[in-house]
Amino acid sequence: MDQIAVYQKRRQSLYGWMLAAPALILLTIFAFIPTITTVWSSFFSSGTARLPAAFNGLDNYADLINDPTFWTVVRNNAVYAGVTIPFSIAIALAMALWANASIPLRGIVRGAYFTPTMLPMIAAANIWLFFYTPGLGVIDSIAGLFGIAPTNWLGQPGTALWAVIVVTIWKEAGFFMIFYLAALQTIPPDLKEAAAIEGAGRITYARRVLFPLLMPTTAFIFINALINSVKLIDHLFILTKGGPNNATKLVLYWIWEMAFAYFDRSHAAAMTTLVLLALGAVAVFQFRVLDRRIHYR
């Protein structure tokens, strides 16, 4: 009997590994091996045909830290993430609450909110490039009706990053709304009725019942928004190409520029490693701290 139990256990284990094999193979080829290769390359100099790559330890990281562009990119990305994440989440929640209410043409409202998400990144960037065109764009045309002079929104260091932020919020809010809308539809209506019987108003119900129940969804959206904030590159190609004067240069665009425009693969690998470490720290914070505080156990 013991041999039969061992055989069945081994067969079940084999079935489990066979089911997991496709995902493990894909992750190994497209995630694990590139990650290990990138980290290893960050400890070597950029090789050429005459001068092969040589091990230089942490010199690539030291070069990054001593580079003023590094701190400009970090500051830009911090401002970009610090504005886009909370505003995207707040607007997405407001849109979901409205789209979930009993209003006329609710399906059309939901479709209108979700439309920016369905547009390809390049198409959305080109639409906003027309909006931002100095003197001819939609924004300056409307501002001209009130006597406001045309503004080069994407050509000035003071406004370029904020213009890109507006595009991102417009693009992501509708996507995040879908998650909030799905979460709202799982909340039993009995809770609202019970709160009304207890004399709780809308604000009290939202603060004590609705928002706490939406916290797992908010945490999920927050993590996705944070990841999106360090991988923006499509919009920058069309809108600003990192300019003017590095005012809109973000992390992923700078990595691409170092690796494929300047062929500085070693420093690009070092910057990628730093990004992976930062995202890893966020993941640890999510699983060790955030999940314990937002889920009822």
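Note that the structure is predicted; figures quoted are calculated from it, not measured.

**Q** Talk me through the overall build of the protein; I want residue IDs and the actual numbers.
**A** Per the secondary structure count, the protein includes 13 helices and zero strands. Traced from its N-terminal end to its C-terminal end, the protein shows the element sequence α-α-α-α-α-α-α-α-α-α-α-α-α. Taking 2.2 N^0.38 as the reference for a compact globule, 297 residues should give roughly 19 Å; the C-alpha atoms of the protein span a radius of gyration of 25 Å, well beyond that estimate. Projected onto the principal axes, the alpha-carbon positions of the protein cover approximately 90 × 80 × 30 Å. Within the span of the protein, comprising 297 residues, buried residues form 35% of the whole. For the protein, the share of sequence-separated contacts (at least 6 apart) that also reach a separation of at least 24 residues comes to 65%. A total of about 18200 Å² of accessible surface is found on the protein, and carbon and sulfur atoms cover 69% of it.

**Q** Account for the side chain of serine 42, naming residues and giving values.
**A** Here serine 42 is to be found in the loop between α1 (2-41) and α2 (59-65). Only 2.7 Å separates the side chain of serine 42 from the side chain of tyrosine 61, close enough to count as a polar contact.

**Q** Mind laying out the packing of aromatic side chains, listing which residues take part and the relevant values?
**A** With the rule as written, the count across this model stands at 16 aromatic pairs. Between phenylalanine 175 and phenylalanine 176, the aromatic rings sit 5.8 Å apart at their centres with planes inclined by 50°, giving tilted as the arrangement. Taking relative accessible area as the criterion, phenylalanine 176 reaches 1% and is therefore assigned buried. Aromatic side chains phenylalanine 237 and tyrosine 253 sit 5.3 Å apart centroid to centroid with 65° between the ring planes, which places their arrangement in the edge-to-face category.

Conventions used here
- Residues numbered from 1 in each chain as written.
- Predicted model: local features only at pLDDT ≥ 70, side-chain atom pairs only at ≥ 80, totals over all residues.
- Heavy atoms only, no water.
- Helix = DSSP H or I, 4+ residues; strand = E, 2+ residues; numbered from the N terminus.
- Rg over C-alpha atoms; globule rule 2.2 N^0.38 Å.
- Buried < 20%, exposed > 50% of the residue type's maximum accessible area, 1.4 Å probe, protein only.
- Contact = heavy atoms within 4.5 Å.
- Areas by Shrake-Rupley, 256 points an atom, 1.4 Å probe, with all protein chains shown as cover.
- Polar contact = N/O pair within 3.5 Å; in protein donor to acceptor, adjacent residues only side chain to side chain.
- Phe/Tyr/Trp six-rings, centres within 6.5 Å; stacked < 30°, edge-to-face > 60°.

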